[in-house]
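# Working through the structure, step by step
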Amino acid sequence: MRDFFVFLGPPGAGKGTQAKVVAARLGIPHISSGDIFRENLKNQTELGILANEYIKVGKLVPDDVTVRMIRERISRTDCGAGAILDGFPRTPAQAKAFDEILKEIGCQINKVPYIKVPEKVLIARLSGRLTCRAKGHVFHKLHNPPRESGVCDFDGSELYQREDDKPETVARRIRVYEEQTRPLVEYYMDRGILVEVDGDRSIDLVTSDLINLLEEVEKSDV
Ligand code: AMP
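Residues numbered from 1 in each chain as written. Predicted model: local features only at pLDDT ≥ 70, side-chain atom pairs only at ≥ 80, totals over all residues. Heavy atoms only, no water.

## Regarding the packing of helix α5 (residues 92–104) against helix α8 (residues 183–190)
- Following both chains from N to C, one finds α5 and α8 inclined at 35 degrees, their axes separated by 9 Å at the closest point. For the pair formed by α5 and α8, the contact residues are P92, A95, K96 and D99 on the first element and P183, L184, Y187 and Y188 on the second.
- Class assignment for the residues of the contact of α5 with α8 results in six nonpolar, no polar and two charged. (Axes fitted to C-alpha atoms, helices over the stretch in contact; angles between N-to-C directions. Helix = DSSP H or I, 4+ residues; strand = E, 2+ residues; numbered from the N terminus. Contact = heavy atoms within 4.5 Å. Nonpolar A, V, L, I, M, F, W, Y, C, P; charged D, E, K, R; others polar.)

As structure tokens, this is what we get:
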């Protein structure tokens, strides 16, 4: 059985950090739509250049572009046992398109952890966030500083502030989240697969809750 999980939560909730660790523990890929766009921009592909026009001002990339990209990504062989999706779907239209894609391959979403964090914590987290250029590892200027200033602990690459983590863009992204992505919470709640997780705790505590949750699904597959 292929297990697909969608991690939901506002920007800054820790979705990316958690999805990376949990995916590694479960041995399935972590698919971040934001990381794929950033990777494409780094390589100056057509997709990356197009997406960046939206990303740099805190808007969402159009649904058709995003859905096409995810369809291609999950068709790769490394998703044979499923995947954790982070940052996708982000609109009800994307969620419906994703359900269709999964149906075509005889799968469905099993669990949607929703990582909840108060808005003032989100703003503080995003505006202090530092991201590594090579692999997207995440640090925080105050709460999770790297050992050496400006250098990633894991791969030694440069740490930078994402353009869209600057204060004006952060406020816009939270607004866009409230308008476009929050309706997904109800969408998955109505289907009975949404599980709330308190994200305003230490990274390790949140990780262990998420792993317990996802392992329940894996056990019920056997
Ligand atoms: P993230 O790294 O998830 O915070 O994404 C960074 C930016 O990439 C977002 O603010 C959007 O502009 C764009 N993006 C990422 N995922 C999606 C998506 N599923 N749909 C539309 N735009 C997206």
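## Focus: the pattern of salt bridges
- As enumerated under the stated definition, the model contains 20 salt bridges in all.
- In this structure, R38 and D35 form a salt bridge, with 2.8 Å as the shortest nitrogen-oxygen distance. In this pair, R38 and D35 both sit in helix α2 (residues 33–42), three residues apart, roughly one turn of the helix.
- We classify R38 as partly exposed; its relative accessible area is 23%.
- Note that R129 and D165 form a salt bridge whose closest N and O atoms lie 2.9 Å from each other. One end of the pair, R129, is in strand β5 (residues 129–132); the other, D165, is in the loop between β7 (159–160) and α7 (167–181), and 36 residues separate them in sequence.
- What makes R129 buried here is its relative accessible area of 14%.
- Exposure remark for D165: the relative accessible area of 0% places this residue in the buried category.
- By sharing partners, the salt bridges in this structure join R129, R162, D164, D165 and R173 into a single network. (Salt bridge = Lys/Arg side-chain N within 4 Å of Asp/Glu carboxyl O. Buried < 20%, exposed > 50% of the residue type's maximum accessible area, 1.4 Å probe, protein only.)

## Considering the site of the ligand
- Around the ligand sit 16 residues, and of these S33, R38, K59, G87 and Q94 come closest.
- Note that a nitrogen atom of the ligand is positioned 3.1 Å from one of the side-chain N or O atoms of R90.
- Measuring from a nitrogen atom of the ligand, one finds a side-chain N or O atom of Q94 at 2.9 Å.
- Against a free-state accessible area of 480 Å², the protein chains account for coverage of 95% of the ligand. (Near = heavy atom within 4 Å. Polar contact = N/O pair within 3.5 Å; in protein donor to acceptor, adjacent residues only side chain to side chain. Areas by Shrake-Rupley, 256 points an atom, 1.4 Å probe, with all protein chains shown as cover.)

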